[in-house]
Amino acid sequence: MQEKFSQILLNAKQDVEKIDNSKDLYDLKTRYLGKNGEITALLRGMKDVAPEQRSAFGKMINDLKVEVEKTFDDKDQMLKQNELNQRLQNEAVDVTLPGNAPAMGSIHPLNIVKNKIINAFCGMGFEVFEGPEIDSDYYCFQALNIPKDHPARDMQDTFYITENFLLRPHTSPGQVRTMENKKPPIKILSPGRVYRADDDASHSPMFHQIEGLVVDKGVSLCDLKGLLDEFVRIIFDKDTKTRFRPSYFPFTEPSVEVDVSCCKCHGKGCNLCKGTGWIEILGAGVVNKKVLEMSGIDSNEYSGLAFGLGIERITMIKYGISNIKTLFESNINFLNQFNRR
Ligand code: DAH
């Protein structure tokens, strides 16, 4: 009997030896130790053994079973280790290879310029106030001294939503909303999108403006000149000069249009400034007393100055862009030029 058991153990060891994967090992184990396995059959045969030999026989089967199980467990561990090693090898990553650098985005030129402008004025004590893009006739026009049916409305080809509500054609309503809510001294910038039925190489139905407003005691056109001189030096370069030309806006009196000396030819005359040496950049003036009064500010005590500029226009001048549409086309080659990496 002992011999038979030794043979079984030997067979099991030889069979296990030949196995090279976990699944075959499992099948083989079932053949020896499963419900209908060889060793299980031996255990079942116990009932036919004479009672006095049963205990010794039982011990022998048990020893055999333990040995066979150990053979399988050892092999199982070995296979698992091999499989793990194989996997580690297959999935190995060479950390010394150069990586794939992700494409980096960049700030849009309009935002670069907008941020520069805001920073320049914030350095001079201005705060930012953003108004709504859909605004009422009152805020867009009437409170800015442009009554209904006044010809000055033709200066802006407006998109009306209803008779009383419109896509704001300028950021000037920001002045009114601020004055209604804030006591002087006031120093604000109101940036945002504006809309006009206008479409050519230098105009777009949607564009961006920044409105500026200062209200305080004794504010004059001289302060406006000083403020804008400082501003253009920061935005263009330190030698940039400003020039005021008389103009007309219903909400300012007097009104001016402001030119800067051409940043390309420095006043000599070139294609950018159309040979004049000067480029118009914004409208401005001393706030009309009527506008102050309509917003509840005593015009005998306070005076104001205001200006409004187009961000696209300044961006186009600064970077020599000839068609405004380039700023909205999302052409990656164009935008990558502003990537400062
Ligand atoms: N709102 C004017 C426009 O859109 C720009 C402007 C001109 C704003 C003169 C002002 C100003 O505050 O004083 O054309």
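First, a word on what this report is: a plain description of the structure on this page. Residue indices follow the written sequence of each chain, beginning from 1 at its first position. Local features in this predicted model are restricted to residues whose pLDDT is 70 or higher, and side-chain atom pairs enter the listing and the counts only when it is 80 or higher, whereas totals over whole chains, interfaces and linings include all residues. The basis for the side-chain values is all heavy atoms of the structure; hydrogens and waters are excluded.

## A word on the environment of lysine 241
Then step 1. Here lysine 241 shows up in the loop between α8 (221-235) and β6 (242-249).
Then step 2. Buried, partly exposed and exposed residues are distinguished by accessible area as a fraction of the type maximum, computed with a 1.4 Å probe on protein chains only: under 20%, between the cut-offs, and over 50%, respectively. A residue is classified by how much of its surface remains accessible, and lysine 241, at 51% relative accessible area, is exposed.
Then step 3. As a C-alpha pair, lysine 241 and lysine 29 span 212 residues in sequence and 94 Å in three-dimensional space. Numbering of helices and strands runs from the N terminus; a helix is a DSSP stretch of H or I covering at least four residues, while a strand is a stretch of E covering at least two.

## Let's talk about the state of the cysteines
Then step 1. Cysteine sulfur atoms that come within 2.5 Å of each other are treated as a disulfide pair. Per the counting criterion, the structure on display carries zero disulfides.
Then step 2. With no disulfide of its own, cysteine 270 has cysteine 262 as its nearest cysteine by sulfur position, at a separation of 3.6 Å.
Then step 3. In this structure cysteine 270 comes out as buried when scored by relative accessible area, which is 17%.

## Thoughts on helix α5 (residues 109-122)
For the α-helix, the turn length of 3.6 residues means that residues three or four positions removed from each other point alike.
Then step 1. Given the number of residues in a helix, its expected span is that number minus one, multiplied by 1.5 Å. With 14 residues, α5 should reach 20 Å at 1.5 Å per residue; the first-to-last C-alpha distance of 20 Å fits that figure.
Then step 2. Pro109, Leu110, Ile112, Val113, Ile117, Ile118, Ala120 and Phe121 are the residues of α5 that are buried.

## Structural notes on the sheet that holds strand β8 (residues 278-287)
Then step 1. By the convention used here, strands pair only if DSSP detects at least 2 bridges between them. On the basis of which strands lie adjacent, the open sheet formed by seven strands has the order β1-β4-β5-β9-β8-β7-β6 and mixed pairing. The two strands at the open ends of the sheet, each matched to only one other strand, are β1 (127-128) and β6.
Then step 2. Relative to β8, strand β7 (residues 252-261) runs antiparallel, the two being bridged by eight bridges. Paired with glutamate 257 across the bridge in β8 is glycine 283.
Then step 3. Of the strands in this sheet, β4 (186-195), β5 (206-216), β8 and β9 (303-310) touch helix α7 (residues 173-181), which is tilted by about 140 degrees from β4. Working rule for contacts: check all heavy atoms of both residues, and any pair within 4.5 Å makes them a contact. Convention adopted: a line fitted to C-alpha atoms gives each axis, helices being fitted over their contacting stretch, and angles between N-to-C directions are expressed from 0 to 180 degrees.

## Let's talk about the site of the ligand
Then step 1. When we say a residue is near a molecule or strand, we mean one of its heavy atoms is within 4 Å of it. Contacts to the ligand come from 16 residues, most closely from His170, Ser172, Arg196, Gln209 and Glu211.
Then step 2. Listing elements by their share of the shell around the ligand, those giving two or more residues are β5, β8 and β9.

## As for the environment of leucine 327
Then step 1. Looking at where leucine 327 falls in the secondary structure, it is placed in the loop between α10 (311-319) and α11 (332-336).
Then step 2. With a relative accessible area of 2%, leucine 327 lands in the buried category.
Then step 3. The spacing of leucine 327 and glutamate 312 is 15 residues in sequence and 7.9 Å in space, taken between C-alpha atoms.
Then step 4. Dropping the residues within four chain positions of it, leucine 327 is found in contact with His108, Pro109, Leu110, Glu312, Thr315, Met316, Ile321 and Phe334.

## Quick notes on the pairing of β9
Then step 1. In terms of burial, β9 is a largely internal element, seven of the eight residues being buried.
Then step 2. For β5 and β9, the ladder comprises eight bridges, and the chain directions are antiparallel. Directly across from valine 214, in β9, lies its bridge partner leucine 305.
Then step 3. Here five bridges tie β8 to β9, and the two strands are oriented antiparallel to one another.

## Looking at the packing of helix α2 (residues 22-33) against helix α4 (residues 51-90)
Then step 1. Running from N to C, α2 and α4 point in directions that differ by 175 degrees, and their axes come no closer than 10 Å. Classified by the interaxial angle, the pair formed by α2 and α4 is roughly antiparallel. In contact with Ser22, Leu25, Leu28, Lys29, Tyr32 and Leu33 of α2, α4 contributes Lys65, Val68, Glu69, Phe72, Asp73, Lys75, Asp76, Leu79 and Glu83.
Then step 2. Residues of the contact of α2 with α4, tallied by class, amount to seven nonpolar, one polar and seven charged. Note on angle classes: values under 35 degrees are labelled roughly parallel, values over 145 roughly antiparallel, values of 65 to 115 roughly perpendicular, and the remainder oblique. Basically, the charged four are Asp, Glu, Lys and Arg, the nonpolar ten are Ala, Val, Leu, Ile, Met, Phe, Trp, Tyr, Cys and Pro, and anything else, Gly included, counts as polar.

## Side note on the pattern of salt bridges
Then step 1. By salt bridge we mean one thing: a side-chain nitrogen of Lys or Arg within 4 Å of a carboxyl oxygen of Asp or Glu. Within this structure, the stated rule accounts for 21 salt bridges.
Then step 2. A salt bridge links arginine 193 to glutamate 133; the nearest nitrogen and oxygen atoms lie 3.2 Å apart. Placement of arginine 193 in strand β4 and of glutamate 133 in the loop between β1 and β2 (134-136) is noted, with a sequence separation of 60 residues between them.
Then step 3. One salt bridge connects aspartate 199 with lysine 325, and the closest N-O pair in it is separated by 2.9 Å. One end of the pair, aspartate 199, is in the loop between β4 and β5; the other, lysine 325, is in the loop between α10 and α11, with 126 residues separating them in the sequence.
Then step 4. In this structure lysine 325 comes out as partly exposed when scored by relative accessible area, which is 26%.

The quantities given are spatial measurements derived from coordinates; they are silent on function.
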